[in-house]
Amino acid sequence: MASEILSKPLKAAARKAGLAGPSQERLLELSRSRLAIEGVTPLIDHGRFAVKRLVGEPLEVEADIFCDGHEKIDAALLTRGAGDDDWVETPLTFWENDRWRGSVSFGEAGPARYTIIAWRDAYATWASDTRKKKDAGQDVSLELQEARALMDRAAAAGRGSKADRKALKSFIARLDKLGDVERRYALFDEPETVDLMNRVAPRDDLTRWEVEVPVWVDREAAGFSAWYEIFPRSQSNDPNRHGTFDDVIKRLPDIRQMGFDVLYFPPIHPIGKAFRKGKNNSVTAQEGEPGSPYAIGAPEGGHKAIHPELGSFEDFARLINEAGAHGLEIALDFAIQCSPDHPWIREHPGWFDWRPDGTIKYAENPPKKYQDIVNVDFYRPDAIPSLWVELRDVVLFWLNKGVRIFRVDNPHTKPFPFWEWMIEEVRRHDPGVIFLAEAFTRPKVMKRLAKVGYNQSYSYFTWRNEKWELEKYLKELTGEECADFMRPNFFVNTPDINPVFLQLGGRAGFRLRLALAATLGGNYGVYSGFELCEAEPVPGKEEYLNSEKYEIRAFDWFAPGNIREDIAFFNRLRREEPALRDFRSLAFFQCWNDKILYYAKRTADRSSYLLFLVNLDPHNAQGGHFEVPLWEFGLPDDGTLQVEDLVSGRSFAWQGKMQHWWLNPQDCPYAAFRLSA
């Protein structure tokens, strides 16, 4: 860098001037950064945490860049991706009010970085000033001599490619053969000369921003996925027979037919018998009841073992392969908790809390008690580093078994430093591993988990039902700083959450919540039974009656009233329309009815442009006038757009900005349109 080249003469001059020690160092430090680079975005906590992008997803960087005086300046973005041997330079473009912009993307998953450089552009300054003088009729002979000296400086700087340096040498030779001022100036004014000098001209007062911003680049599934959650033990179609991995394999065509790409299992490990929970969370299990899969650990093993009734590791490997053949990835639950029968308690008692009477302390969320579960203590003297290493190795164990997606149970109750360390460690083995944080917790805690490395996050979408709150929340997720590090997964329901809206909304309620999740979210998830509109609750609670968490169940997956076609429709649309792959491409528009959510998903070039109207009232028909976004196609208020109704298959045209639509939830609570100019 130019600042480094200047270091020796500057130091000598400083000594000659009598400067030494801190004064000398401060002068040299400040003199190397003549240009101001500030207000850089995106930047998470001053560069403490990584900005997140997907492979191929644009990273748009902005910064305020300026300098003293009136000289021309220029700037560039420096990036270094996972596959780059050196920094790659991309020009920044002046936008307005000293604000500069640039965009890049990365072609490989893994760690990346960016920073910014800026400099005073001697050639652009010369060209601008000289043209003004020439246009004013002044003699520019001396200016041409200055330009010739600038050529020598460019040659000495050695910037550009070998071909550029050869072209510069040829240019200088041509210039020296010309004596006429007009012809010499014309040579400098040629577009080819301007382009060449942009590549080779010296960069005066080159300033490099002091921060190298970390970027984590994910494979596409981290930002665009459709999850389907099942309990493998309930796949036998017989409530009296424990399901197996082979039973899951039989269901794969059915699941893929609905269009999902991630198949997620709760824990598949041996289940403890001590204090085993019974049906409907009873504290006493009857003989033969399977218990909760979250009570992990038994004599057969712990987190690195499979529940014997599910099958063997050979069966699991066959399931992984068969799922892949159906376009499905298997996601496993990583739950850091143990039954009282877990081998770790015997082998590593120092990892757990013990009460004064010598009994182990089981999990509590007062006044709730979870007698079938005990928690590890990450900060006990015996736990660092052995517990941390063992938990990392559990993830690596399943990674070696072919699992690259993990949904993590209650991560907000475990230390942030552990997650940051563990996720970094796992990514050394495979940068494509995906972690989903199941953390329905306080907003800042949820966001911190995303910062420390989680690729996806549960969100409050499950409880956002009104138009105003959906718009407010989505604008936060897509338009505020968290959009650069937090990717929500819009689960419509979970084994733990049977939302009141679904309990009361009937079949239309399920269809409209599906429409919202699948089109608003880049990632969304469905717990099985949703397609059957199952919503019978424990009275007064957001919990399922006869929950699969505590018993084996059987379902008729094609029972009358199912919404499989709706699910397949939206998942097909997600695969076919690029607009739905970008979570942040969302825009809300005006519809004059507070019960109708109206929004668009679109690509930057408008080649994929979708409009959605969703009736948020599952019981009553709603209609309203809405604005067609003609302005987004560069059309006047009386312009015309071609419309394809994706639900009915009809095609027609909308002329004019104001249109009206009616949505009867008993027919279809949503409308989806593809627009084209």
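As the structure is a prediction and not an experimental result, all values here were calculated from the model.

Parameters at a glance
- Residues numbered from 1 in each chain as written.
- Predicted model: local features only at pLDDT ≥ 70, side-chain atom pairs only at ≥ 80, totals over all residues.
- Heavy atoms only, no water.
- Axes fitted to C-alpha atoms, helices over the stretch in contact; angles between N-to-C directions.
- Helix = DSSP H or I, 4+ residues; strand = E, 2+ residues; numbered from the N terminus.
- Parallel < 35°, antiparallel > 145°, perpendicular 65-115°, else oblique.
- Left-handed = near helix turned anticlockwise from the far one by under 90°.
- Contact = heavy atoms within 4.5 Å.
- Nonpolar A, V, L, I, M, F, W, Y, C, P; charged D, E, K, R; others polar.
- Phe/Tyr/Trp six-rings, centres within 6.5 Å; stacked < 30°, edge-to-face > 60°.
- Buried < 20%, exposed > 50% of the residue type's maximum accessible area, 1.4 Å probe, protein only.
- Lys NZ or Arg CZ within 6 Å of the ring centre and 35° of its normal.
- UniProt positions renumbered as here; feature names shortened; annotations may be inferred.

Describing the packing of helix α4 (residues 122-135) against helix α7 (residues 181-189)
Part 1 of the reasoning: Direction vectors running N to C along α4 and α7 enclose 135°, while the axes themselves pass 11 Å from each other. When the axis of α4 is compared with that of α7, the two are oblique. By crossing handedness, the relation of α4 to α7 is classed as left-handed. Between α4 and α7, the residues in contact are Y123, W126, T130, R131 and K134 and E182, Y185, F188 and D189, respectively.
Part 2 of the reasoning: In the contact of α4 with α7, the residues fall into 4 nonpolar, 1 polar and 4 charged.

A closer look at the packing of aromatic side chains
Any two aromatic rings considered together are summarised by their centre-to-centre distance and by the angle between their planes.
Part 1 of the reasoning: For the coordinates displayed, the defined rule picks out 47 aromatic pairs.
Part 2 of the reasoning: Ring centres of W388 and W421 lie 6.2 Å apart, and the angle between their planes is 55°; this geometry places the pair in the tilted category. Note that W388 is positioned in helix α12 (residues 386-400) and W421 in helix α13 (residues 416-429), a separation of 33 residues in sequence.
Part 3 of the reasoning: Owing to a relative accessible area of 11%, W388 belongs among the buried residues under this scheme.
Part 4 of the reasoning: Ring-pair connections join several aromatic residues into one group, and the members of that group are F334, F378, Y379, W388, F406, F418, W419, W421, F435 and Y454.
Part 5 of the reasoning: Note that R208 overlies the ring of W87, its terminal NZ or CZ placed 4.9 Å from the centroid.
Part 6 of the reasoning: In this structure, K401 is placed above the aromatic ring of F313, and the distance from its NZ or CZ to the ring centre is 4.6 Å.

Considering the UniProt feature "domain: Glycosyl hydrolase family 13 catalytic" (unreviewed entry) in the protein chain
Part 1 of the reasoning: Mapped onto this numbering, the UniProt entry gives "domain: Glycosyl hydrolase family 13 catalytic" (unreviewed entry) at residues 229-564.
Part 2 of the reasoning: Summarising residues 229-564: 31% helix, 12% strand, and an end-to-end C-alpha distance of 15 Å.

Regarding the environment of G102
Part 1 of the reasoning: Tracing the sequence through the fold places G102 in strand β7 (residues 99-104).
Part 2 of the reasoning: On a C-alpha basis, the gap between G102 and E60 in space is 5.8 Å, while along the polypeptide they are 42 residues apart.
Part 3 of the reasoning: Among all residues touching G102, those that are not within four sequence positions of it are L59, E60, V61, P91 and L92.

A few points about the environment of A653
Part 1 of the reasoning: Assignment of secondary structure puts A653 in strand β26 (residues 651-655).
Part 2 of the reasoning: Separated by 11 residues in the primary sequence, A653 and Q642 have C-alpha atoms spaced 4.5 Å apart.
Part 3 of the reasoning: Discounting residues that sit within four places of it in the chain, A653 has contacts with T640, L641 and Q642.

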